[in-house]
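# Working through the structure, step by step
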Amino acid sequence: MKNKWVIILSVIAIGVLFLFLGLRNRDNNNAVTVQYGKISQIVAATGKIEGLNQAELSAKITGRIKRILVKERDIVKTNQPLVLLDSEELDAQVKEAETIFSQAERNYKRAKNLYRDGIISKKEYDDSEDEYKKSKASLEYLKAMLANTIIRAPFSGTIVRKYKEEGEVISSLGTPETILLIADVSKIKAKVEVDESDIGKLKIDQTASVTTDTYPGERFYGKIAKIGMMVGKKLIKSNDPKEIMDKKVLETEIELNPTEKLTLGMTVDAKIIVVEKEKALIVAKKAVQRDESGEILYVLNNGKKEKRRIKTGERDDVHVEVVEGVKEGEKISILPKE
């Protein structure tokens, strides 16, 4: 009988011990300590390397490529002729239009004098003026068309790629057919696609880095130079088959520090540093609560909760910086308000 009571009392004691430990652990699990730490948040994106200034050159008119005056890697100047389209037919049309315009101009000047002297009617004068204006407009249009048979460099840069060959016919209808790709390669950028859920975190001049499989372990740094204005479909496909490809993204440009390693068209992974502070007074994000007046914390003081109004600063996915209202080492309840 005595042994039976010893066993019962032992079981009760063990149960009380486990209950005590459980309550203590629950208290520990429901409280966090205010401490100094690092606030850091990164937005990941995928993109491609481009020249800081880059353009696909196409023809404004339909025609046959007569000559391509440059080759890949050639350095060109602004307004330099790059491609000549066959202009023989347009040359003939311009000459004919010049003849018609010259005659119309003479007739108009003569009609002007005759109308002033009362020899011809107002209608005859108006008809002559209309013919003059029409022939002038026609000549100007054909001259513009003739000028478009010469494709010029829109800016100084390097011919990065040639897509067409001499003798090919280029159509101006529908989607323009690219003949040459020109880029200013003195500076490069990474054009990346940022998920729409992260758009609000982006700011001009935020630091960013890019990596590429070509140089494993090496990072190339730069800053955000441009943030797009319209969300669109994801164009740069991931190698991960699980990734949903109909994501909405915003194009963002990262101007990179000069380097000879990154090549135009190279695929890169980017990390944009949206928040980074090495020493901040931080508390777990889940501990910060709100009331009708703003953000608050419940500070544990001798087992009781003390409502404390706070001011917050930077934040990441886990922590919030507290700039006013609490001190290092204080215990904070993470339980909802009781």
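Up top is the structure.
Overview of the structure. (Residues numbered from 1 in each chain as written. Predicted model: local features only at pLDDT ≥ 70, side-chain atom pairs only at ≥ 80, totals over all residues. Heavy atoms only, no water.)

### A few points about the packing of aromatic side chains
As a reminder, the rule being used: Centre distance within 6.5 Å is the pairing criterion for rings of Phe, Tyr and Trp, where only the six-membered ring of Trp is used; planes under 30 degrees apart are then read as stacked, over 60 as edge-to-face, and the remainder as tilted. Helix numbers and strand numbers start at the N terminus; a helix is a DSSP run of H or I with at least 4 residues, a strand a run of E with at least 2. Using a 1.4 Å probe on the protein chains alone, a residue whose accessible area is under 20% of its type maximum counts as buried, one over 50% counts as exposed, and one in between counts as partly exposed. We count a charge as sitting over a ring when the NZ of a lysine or the CZ of an arginine lies within 6 Å of the ring centre and within 35 degrees of the ring normal.
Tallying each qualifying case throughout the model produces 5 aromatic pairs. With a centroid separation of 6.0 Å and 25° between ring planes, the pair formed by Tyr108 and Tyr125 is classed as stacked. In this pair, Tyr108 sits in helix 2 (residues 88–116) while Tyr125 sits in helix 3 (residues 122–147), placing the two residues 17 residues apart along the sequence. Residue Tyr108 is classed as buried on the basis of its relative accessible area, which comes to 13%. Between Tyr215 and Phe220, the ring centres sit 6.0 Å apart and the planes meet at 70°, which makes this aromatic pair edge-to-face. We classify Phe220 as buried; its relative accessible area is 7%. Put simply, the rings of Phe101, Tyr108, Tyr115, Tyr125 and Tyr132 touch in pairs and so form one group of aromatic residues. Stacked on the ring of Tyr215, the Lys or Arg Lys261 has its end atom at 5.3 Å from the ring centre. Sitting over the ring of Tyr36, Lys279 keeps its end group 5.1 Å from the ring centre.

### Some words on unusual backbone geometry
Positive phi is not limited to glycine here, since Asn79 has a value of about 75°. At Asp205, a position not held by glycine, the phi torsion is positive, near 75°. Tracing the chain through its elements places Asp205 in the loop between strand 9 (178–195) and strand 10 (207–211). When its relative accessible area of 52% is taken as the criterion, Asp205 is described as exposed.

### Digging into the sheet that holds strand 5 (residues 81–85)
Heads up, the rule is: Whether two strands pair depends on DSSP finding at least two bridges between them.
Across the sheet, 4 strands lie side by side as 6-5-3-8; this open sheet has antiparallel pairing. The outermost strands of the open sheet, each flanked by one partner alone, are strand 6 (150–152) and strand 8 (169–170). Strand direction decides the pairing type here: strand 3 (residues 63–68) and strand 5, joined by 3 bridges, are antiparallel. Residue pairing for strand 5: Ile65 is matched across the bridge by Leu85.

### A closer look at the pairing of strand 16 (residues 294–301)
Most of strand 16 is tucked away, with 6 of its 8 residues classed as buried. In this sheet, strand 16 lies alongside strand 15 (residues 289–291) in antiparallel orientation, the contact comprising 3 bridges. Residue pairing in the sheet places Gln289 in a bridge with Ile296 of strand 16. Here strand 15 folds back onto strand 16 in antiparallel fashion, the turn holding 2 residues. Note that strand 16 and strand 17 (residues 304–309) share 6 bridges and pair antiparallel. Following the sheet pairing, Tyr298 is matched in strand 17 by Lys307. Joining the antiparallel neighbours strand 16 and strand 17 is a turn of 2 residues, in which Asn302 adopts a positive phi near 55°.

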